[in-house]
Amino acid sequence: MGSTDTGVECGGGHSFDRARGGHLTLLGSRGRRFPGDSAEQLAARERVLSHGLFDGVADALVGVATDAVGVAERPVVLDAGAGTGFYLDRVIGALRPPSPAGGDATDGPGEPLGIGTELSVAAARRLARVNPLVTALVVDTWDGLPLVDECVDLVQVVFAPRNPSEFARVLRKGGTLVVAVPGPGHLEPLRTQAGMLAPAADKAERLDTHLAAGFEPGPVRVVDVTATVPAAIAADLALMGPSGVHLDRAGVEQVVGTVDSPVRVHVEVRSFRRSLQE
Ligand SMILES: C[S@@+](CC[C@H](N)C(=O)[O-])C[C@H]1O[C@@H](n2cnc3c(N)ncnc32)[C@H](O)[C@@H]1O
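- Looking at an unreviewed UniProt entry, one finds the protein chain named Methyltransferase type 11, with Dietzia psychralcaliphila as its source organism.

### Digging into the overall build of the protein chain
- When its secondary structure is counted, the protein chain shows nine helices and 11 strands.
- Looking at the 278 residues of the protein chain, the share that counts as buried comes to 47%.
- Taking the intrachain contacts of the protein chain between residues at least 6 apart in sequence as the baseline, contacts between residues at least 24 apart amount to 68%.

### Brief notes about helix H1 (residues 39–51)
- Here H1 is 13 residues long and its end C-alpha atoms lie 18 Å apart, about the 18 Å a rise of 1.5 Å per residue gives.
- Buried residues of H1: Gln-41, Leu-42, Ala-44, Arg-45, Val-48 and Leu-49, and no others. Each buried residue of H1 sits inside an arc of 160 degrees when the element is viewed along its axis, so together they form one side. Facing away from the buried surface of H1 by more than 90 degrees, the exposed residues are Glu-40 and Ser-50.
- Downstream of H1 by a residue or two, Gly-52 has a phi angle that is positive, lying close to 95 degrees.

### Some thoughts on the nonpolar core
- Of all hydrophobic cores here, the largest spans 46 residues; its most connected members are Phe-54, Tyr-87, Leu-190, Leu-237 and Val-269.
- Leaving out residues up to four positions away in the same chain, Leu-190 has contacts with Met-196, Ala-234, Leu-237, Ala-238, Val-256 and Val-263.

### Observations concerning the site of the ligand
- Contacts to the ligand come from 18 residues, most closely from Asp-37, Gly-81, Glu-118, Asp-140 and Val-158.
- The separation between a nitrogen atom of the ligand and a polar main-chain atom of Leu-119 is 3.3 Å.
- Burial of the ligand by the surrounding chains reaches 94%, relative to a free accessible area of 590 Å².
- In terms of residue class, the shell around the ligand is made up of nine nonpolar, five polar and four charged.

### Focus: the side chain of Ser-120
- Relative to the helices and strands, Ser-120 is located in the loop between strand S6 (113–118) and helix H4 (121–130).
- At 2.8 Å, the side chain of Ser-120 and the backbone oxygen of Asp-37 are in polar contact.
- One polar contact links the side chain of Ser-120 to the main-chain amide nitrogen of Ala-122, over a distance of 3.4 Å.
- Filtering out sequence-adjacent residues up to four positions away, Ser-120 remains in contact with Pro-35, Gly-36, Asp-37 and Leu-42.

### What about the UniProt feature "binding site: S-adenosyl-L-methionine" (unreviewed entry) in the protein chain?
- This chain's UniProt record puts "binding site: S-adenosyl-L-methionine" (unreviewed entry) on Phe-54, Thr-84, Gly-85 and His-186.
- Counting through the fold element by element, Thr-84 comes out in the loop between strand S5 (76–80) and helix H3 (86–95).
- Since its relative accessible area comes to 8%, Thr-84 is described here as buried.
- Among residues more than four places away in sequence, those in contact with Thr-84 are Leu-42, Glu-46, Leu-49, Arg-126, Leu-127 and Val-130.
- Every residue in contact with Gly-85, bar those within four places of it in the chain, is listed here: Leu-127 and Val-130.

### With respect to the sheet that holds strand S4 (residues 24–25)
- Read from one edge to the other, the open sheet built from eight strands follows the order S4-S7-S6-S5-S8-S9-S11-S10, with strand pairing classed as mixed. Each edge of the open sheet carries a strand with a single partner, namely S4 and strand S10 (215–229).
- Sitting on the sheet, H4 is in contact with S6 and strand S7 (134–138), with an inclination near 170 degrees to S7.

### So, H3
- Within H3 the residues assigned to the buried category are Phe-86, Tyr-87, Leu-88, Val-91, Ile-92 and Leu-95.
- Packing partners of the buried residues in H3 comprise H1, helix H2 (55–69), S5, S6, S7 and strand S8 (152–158).

### Quick notes on the environment of Glu-166
- Tracing the backbone shows Glu-166 in helix H5 (residues 164–170).
- Classification of Glu-166 by relative accessible area gives buried; the value is 13%.
- When the C-alpha positions of Glu-166 and Thr-141 are compared, they lie 8.4 Å apart, and in sequence the two are 25 residues distant.
- Contacts of Glu-166, omitting those with residues within four sequence positions, involve Gly-144 and Leu-145.

### Here's the deal with the pattern of salt bridges
- Inspection of the entire model under this criterion finds 15 salt bridges.
- The partner of Lys-173 in a salt bridge is Glu-150, and the shortest N-O contact between them spans 2.7 Å. One end of the pair, Lys-173, is in strand S9 (residues 171–182); the other, Glu-150, is in the loop between S7 and S8, and 23 residues separate them in sequence.
- Overall, Lys-173 belongs to the partly exposed group, its relative accessible area being 25%.
- Close ionic contact of Arg-172 with Asp-153 constitutes a salt bridge, the shortest N to O distance being 2.6 Å. Pair noted here: Arg-172 is in strand S9 and Asp-153 is in strand S8, with a separation of 19 residues, a long-range link.
- The partly exposed category is assigned to Arg-172, whose relative accessible area is 27%.
- Sharing partners across several salt bridges, the network here consists of Arg-47, Asp-236, Arg-249 and Glu-253.

Analysis parameters
- Residues numbered from 1 in each chain as written.
- Predicted model: local features only at pLDDT ≥ 70, side-chain atom pairs only at ≥ 80, totals over all residues.
- Heavy atoms only, no water.
- Helix = DSSP H or I, 4+ residues; strand = E, 2+ residues; numbered from the N terminus.
- Buried < 20%, exposed > 50% of the residue type's maximum accessible area, 1.4 Å probe, protein only.
- Contact = heavy atoms within 4.5 Å.
- Expected span 1.5 Å × (residues − 1).
- Arc of directions from axis to C-beta.
- Core = buried A, V, L, I, M, F, W, Y, C linked by side-chain atoms within 4.5 Å.
- Near = heavy atom within 4 Å.
- Polar contact = N/O pair within 3.5 Å; in protein donor to acceptor, adjacent residues only side chain to side chain.
- Areas by Shrake-Rupley, 256 points an atom, 1.4 Å probe, with all protein chains shown as cover.
- Nonpolar A, V, L, I, M, F, W, Y, C, P; charged D, E, K, R; others polar.
- UniProt positions renumbered as here; feature names shortened; annotations may be inferred.
- Pairing = 2+ DSSP bridges.
- Axes fitted to C-alpha atoms, helices over the stretch in contact; angles between N-to-C directions.
- Salt bridge = Lys/Arg side-chain N within 4 Å of Asp/Glu carboxyl O.

What follows is the structure, given as structure tokens:
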């Protein structure tokens, strides 16, 4: 696939224009069946992430990335369902080689390349701005990824849909898949009080089973912190995720009240190695 300032062209002669927001739309033939996260959900997530509540998750992902691809020449990192690009930006920043002159060149040797995919156009617009080393693509993870086989060193998926066979296809052999899933205590007691969706109790085991073909399970890092957050951040926490679709802000604000309250961030960051055999 060739690339120009205005878009890309594939080997079959099809061209795809870059939108004014900076992203490329590469949806498959089935088009978009679900819009992905709304601008309101993304704005709520941005406020929560800038509050620092999920910095432990970002640190865990950076730890996995630097262990996994620290020595790769120009490592390629794919974040599937990347949302605002918060985690991809942190990981790409950590993988950049030190600049001898303290400059900020973005295409020097060894610079990482980030690919953020999203179903939501509002998210893709944010992704296109998050870091000059990141390319933002509007893609449905379940329809497949518009990438050639074995071109990615690290795939990360944070609270987002998974397509194990596609992840296995695009990862080079020996590459790393890292998946962050909510633990059983995640966002309590807010989750129960606000009537948010509960994570599946067997989420971790189901993840191992789904990835059994093509991956070997690696280390698990558990982030488990309880922090006191302002009521406005608690409301954003309830509204930024899948529960945001069926909860209304006024109802949530009534539940969280006006005083600061403790909330638990309980997340499992699970790594898998792409098998060396098929
Ligand atoms: C809970 S959010 C997590 C976002 C980001 N990974 C984070 O943790 O900040 C899930 C994201 O997946 C995106 N998404 C949902 N279904 C998708 C699909 N089929 N393909 C690609 N992205 C999808 C949503 O638009 C949303 O931004």
